[in-house]
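The residues making up each chain are set out below.
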Amino acid sequence: MAQAARVDERPETPLSLDGLNGAQARRRLSAPAVALFVRACDLWDLKVEDRQAILGGISRQTYHNWKSGKAVVLGRDQLERISLVLGVLKGLRLVFADDAAGVRWLKAANQDAPFGDRSPLELMAEGGIGGLHEVRRYLDAWRGVK
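In this numbering scheme, every chain counts its residues from 1 along its sequence in written order. Only residues with pLDDT of at least 70 get local features here, since the model is predicted, and only at 80 or more are side-chain atom pairs given and counted; chain-wide, interface and lining totals rely on the full set of residues. Values shown for side chains rest on all heavy atoms present in the structure; no hydrogens or waters enter the calculation.

With that settled, consider the pattern of salt bridges. Criterion for a salt bridge: a side-chain nitrogen of Lys or Arg within 4 Å of a carboxyl oxygen of Asp or Glu. Scanning all chains against the criterion turns up 9 salt bridges. With a shortest N-O distance of 2.8 Å, Arg-51 and Asp-42 are connected by a salt bridge. Residue exposure (1.4 Å probe, protein chains only): buried if accessible area is under 20% of the type maximum, exposed if over 50%, otherwise partly exposed. We classify Arg-51 as buried; its relative accessible area is 5%. Overall, Asp-42 belongs to the partly exposed group, its relative accessible area being 41%. Arg-143 is the salt-bridge partner of Asp-140, the closest N and O atoms lying 3.1 Å from each other. One end of the pair is Asp-140 and the other is Arg-143, both in helix H7 (residues 128–143) and 3 residues apart, which spans about a single turn. Classification of Asp-140 by relative accessible area gives buried; the value is 13%. For Arg-143, a relative accessible area of 29% corresponds to the partly exposed category. Through salt bridges that share partners, Arg-136, Asp-140 and Arg-143 make up one connected network. Secondary structure counts use DSSP, requiring at least four H or I residues in a row for a helix and at least two E residues in a row for a strand, with both numbered from the N terminus.

So, on to the environment of Asp-112. In this structure, Asp-112 sits in the loop between helix H5 (99–107) and helix H6 (120–126). Put simply, Asp-112 and Tyr-138 are 26 residues apart on the chain and 9.6 Å apart in space, counted from C-alpha to C-alpha.

We now examine unusual backbone geometry. Looking along the chain, the bond that leaves Ala-113 and enters Pro-114 is cis, with omega of 15°. Inspection of the secondary structure assignment puts Pro-114 in the loop between H5 and H6. Phi at Asp-45 is positive, roughly 55°, even though this residue is not glycine. Structurally, Asp-45 is set in the loop between helix H1 (23–44) and helix H2 (48–54). Take Asp-45: its relative accessible area is 58%, and that puts it in the exposed class. Even without being a glycine, Asp-117 presents a positive backbone phi close to 70°. By the secondary structure assignment, Asp-117 is in the loop between H5 and H6. By relative accessible area, which is 48% here, Asp-117 ends up partly exposed.

Right under this line is the structure:
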């Protein structure tokens, strides 16, 4: 069984999203990516339905299979979504003094563009991969990252 990865672990070498087109790279990254995703979602206390939506609308059974460690090779789309979630986690940790403050921001209604009075979490869950990109870009801009 694969060892659980820490949320704050960094890969040994950077991997571009183009590298995710190969089955071997996706196979190698899938189990640690799922473990990191689950840890981030646990930290944020997300409902299973939100987790499923963020991963692209996967079924409840598929989510639980992945979470329990059943062998999986994620597609490029799911790996990109998880990468965005981890980028949001990093952004929250850099912007807020503690995880609790970041979680409050993530779950609170926000009138700023692009949220439209929805919470960043709602945009992440309901806005598809574009919503994930929007939240990530918003946090990056807040931090002054281009």
